[in-house]
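Coordinate inspection notes
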Amino acid sequence: MDDPFIIQHQDNVKDARLNQYTAGSDEGNFYSTEKGTFDSLRISISWPRLRMFFIIVMLALSVLVLRVFYLQIIEGNYYRTVAEGNRIRIKPIKAVRGIIYDRQGKILVRNVPNFSLFFIPGDLPREEDELTKILNTISDILESPTLYLRTLLGDVSPYSYEPLLVAENISHSKTLLLEIETSMIPGVFLETRSRREYLFSDSDYGLSHILGYTGKLSPEEYQERKNKGYLLNDYIGKTGIEYNYEFYLRGQDGKKRIEVDFLGKEEKIVSFSPPKDGQSLVLSIDLDLQKKISEILQKQLRQIKKTKGVVIVTEVNSGEILALVSVPSYDNNLFARGIYRENYEKLINDESEPLFNRAIAGEYPPGSTIKPVLAAAALEEEIINENTTFISTGGIWLSEWFFPDWKAGGHGRINVTQAIAESVNTFFYYIGGGHEEFKGLGLEKINYWSSLFGFGRDTKIDLPGEGSGFLPTKQWKMDTREEPWYIGDTYHLAIGQGDILVTPIQVANFTAVIANDGTLYRPHLLKNLLHADNETASAVQNEILRTNIAQKKNLEIVRQGMRGAVVYGSSQSLADLPIAVAGKTGTAQVGGEKDPHAWFTGFAPYENPEIAITILIENGGEGSRVAVPIAKEILQYYFGQ
């Protein structure tokens, strides 16, 4: 039986403990005194706060779910590609650039192996000590400053996987050493590509201005062409034929997907798309003729102690250029191999301007070579005919101004063929500007007919950098000199002096027009395009710019005058050639103390013209004394005499 005292004591303890829980308000109670059990579990946070908490949690979860959806579904392909890029890479396979041949099939330009070193910035180690060690190793082998390598890397993103060209044209011995040293270095690899080699780049051939050269893309060129498949380290034609026919020569690069190891080195090929090699070019240039002309021209320049000259030989019935020599020239292999700064500065600071293609870009007063054009214009406008004559007494007076002939005392009574043959200034003063009762062509008609023969605009030759020459106008003179146009200006224009300028290729072009009865062709150097297997892809069509420029009967009168220049006029030294030649000399005054430019332009054979030949010796003196002997040697060689 329980002890009452003990029971009472236990109840008192129980009541005391219960009082601890029941103290305070009813809202905080966890235990009911009536029932002796826990009645409810109440939370001290209010319901509105609890609801706000759940809303915030749901929004956070929603944002998280949406972000996961975006990364996994919408951007999933991108991030999978980035991740795969650590293992799978797309590597370009460079197309072989097309070869360039002369018209006889002789190779002028070819491709040679070129060992190049590249970085993959994204594969290089991030740790500075490791990177420094790699750069020092490369620097020692290439004998190139480490600072240069760091500068290269500083220009690109460290996460880029596009190859960065470090060095090219590496010697065979250095290539072998690099192969050994870099085999276990991440982000560094060697590749054999090709570079251009110009086989006849020396001055004996004068081909550099024609062929041009290739060079590495500049940042500006890369931005312009990256959407056309060009890569940062690609080469592109910079000048000449290389530039003008870049589209055909370049071809189309292939690509391969490769699997790389942890060093970024190729392990195996996953897929392969072959490149399409560039088309080769057959030029209209005859290499042997080009070389012979270059030799003849340079020999004459040495004899007269001059340094600058041009010779152009064209087919009169097609516009094909057989030879185009501009002296001085340069070695385009210097650019193809990567020219050193000191060599480049030497070229651009050379007073003779060897990089300047005088044949197409040089602009000069034409002198008396313009007279056949003026004669044709006057015949077409019917202000003269073949029987019209004027008396030359040594020049003409215009008020107090005297406009002389080159021959003291004059040439007597002359017609148009004699005026061309003997280059009589007085005759052309008359038909150009008029005199006393005779009304000449005037400025506007001189410019009109000159433009029909190709003056004042480029010829559209397939070379970059062509000049357009210049035909002065009344408005131009007023705008630039604040002077009106005087009749004396027209007299000067009529004999190829004053402000008129022409390029040698323009003179060659109008000479061909006279020779072929009035057709103006676009001069061109490309003859055929070849596929990679050297089968003819397409022959270049001769492009006619204008026909029937003048009537045949009038052009025949002009041709008779040019033939007379050889028989009894200013080009008589050509008369003993076994083939009949027609031509016109020019001695263009340039003012100051400089010697005049020496010109000759002509065609042969006279009866059935095949070629036109144009010669300019810059500040060479008299055309008959300086330019005609060059023409004679060239014509003897061409016609096998």
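Coordinates for the structure precede this section.
Quantities reported herein were computed from a predicted structural model and do not represent experimental measurements.

**Here's the deal with the overall build of the protein**
Within the protein, the regular secondary structure consists of 23 helices and 23 strands. Relative to the compact-globule value of 26 Å for 641 residues, the protein shows a C-alpha radius of gyration of 42 Å, a clear excess of over 25%. Seen along its three principal axes, the alpha-carbon backbone of the protein occupies a region of about 175 × 60 × 45 Å. Counting only residues that meet the buried cut, the protein has 49% of its 641 residues in that class. As displayed, the protein offers around 32900 Å² of accessible surface, 52% of which is attributable to carbon and sulfur atoms.

**Some thoughts on the pattern of salt bridges**
Overall, the coordinates contain 33 salt bridges when judged by the stated rule. Across the salt bridge formed by D253 and K94, the nearest N and O atoms sit 2.5 Å from each other. Of the two residues, D253 sits in the loop between α10 (246–250) and β8 (254–260) while K94 sits in the loop between β1 (88–93) and β2 (100–101), which places them 159 residues apart along the sequence. Among the residues examined, D253 registers a relative accessible area of 21% and is labelled partly exposed. The partner of R559 in a salt bridge is D517, and the shortest N-O contact between them spans 2.8 Å. Placement of R559 in helix α22 (residues 552–567) and of D517 in the loop between α21 (504–515) and β17 (520–521) is noted, with a sequence separation of 42 residues between them. Overall, the relative accessible area of 7% leaves R559 in the buried class. On the basis of relative accessible area, D517 is assigned to the partly exposed category, the value being 24%.

**Re the sheet that holds strand β23 (residues 611–617)**
Overall, antiparallel pairing links the 5 strands, which are arranged β12-β11-β23-β22-β21 in an open sheet. Every other strand in the sheet has two partners, leaving β12 (321–327) and β21 (582–588) as the edge strands with one partner each. Here the strands of the sheet are splayed against their neighbours by 10 degrees on average, with no regard to which way each runs. Sheet topology places strand β11 (residues 309–315) next to β12; 6 bridges connect them, and they run antiparallel.

**Section: the packing of aromatic side chains**
Summed over all chains, the structure comprises 23 aromatic pairs. Geometrically, the ring pair formed by Y213 and F335 is stacked, given 4.1 Å between the ring centres and 15 degrees between the ring planes. Of this pair, Y213 sits in the loop between α7 (208–211) and β6 (214–216) while F335 is found in helix α12 (residues 333–336), placing the two residues 122 residues apart along the sequence. Measuring from ring centre to ring centre gives 5.5 Å for F455 and F510, while their planes differ by 75 degrees; the resulting arrangement is edge-to-face. Of the two residues, F455 sits in the loop between α18 (442–452) and α19 (474–481) while F510 sits in helix α21, which places them 55 residues apart along the sequence. Side by side, F455 and F510 carry an identical accessibility label, which is buried.

Rules used in this analysis
- Residues numbered from 1 in each chain as written.
- Predicted model: local features only at pLDDT ≥ 70, side-chain atom pairs only at ≥ 80, totals over all residues.
- Heavy atoms only, no water.
- Helix = DSSP H or I, 4+ residues; strand = E, 2+ residues; numbered from the N terminus.
- Rg over C-alpha atoms; globule rule 2.2 N^0.38 Å.
- Buried < 20%, exposed > 50% of the residue type's maximum accessible area, 1.4 Å probe, protein only.
- Areas by Shrake-Rupley, 256 points an atom, 1.4 Å probe, with all protein chains shown as cover.
- Salt bridge = Lys/Arg side-chain N within 4 Å of Asp/Glu carboxyl O.
- Pairing = 2+ DSSP bridges.
- Axes fitted to C-alpha atoms, helices over the stretch in contact; angles between N-to-C directions.
- Phe/Tyr/Trp six-rings, centres within 6.5 Å; stacked < 30°, edge-to-face > 60°.

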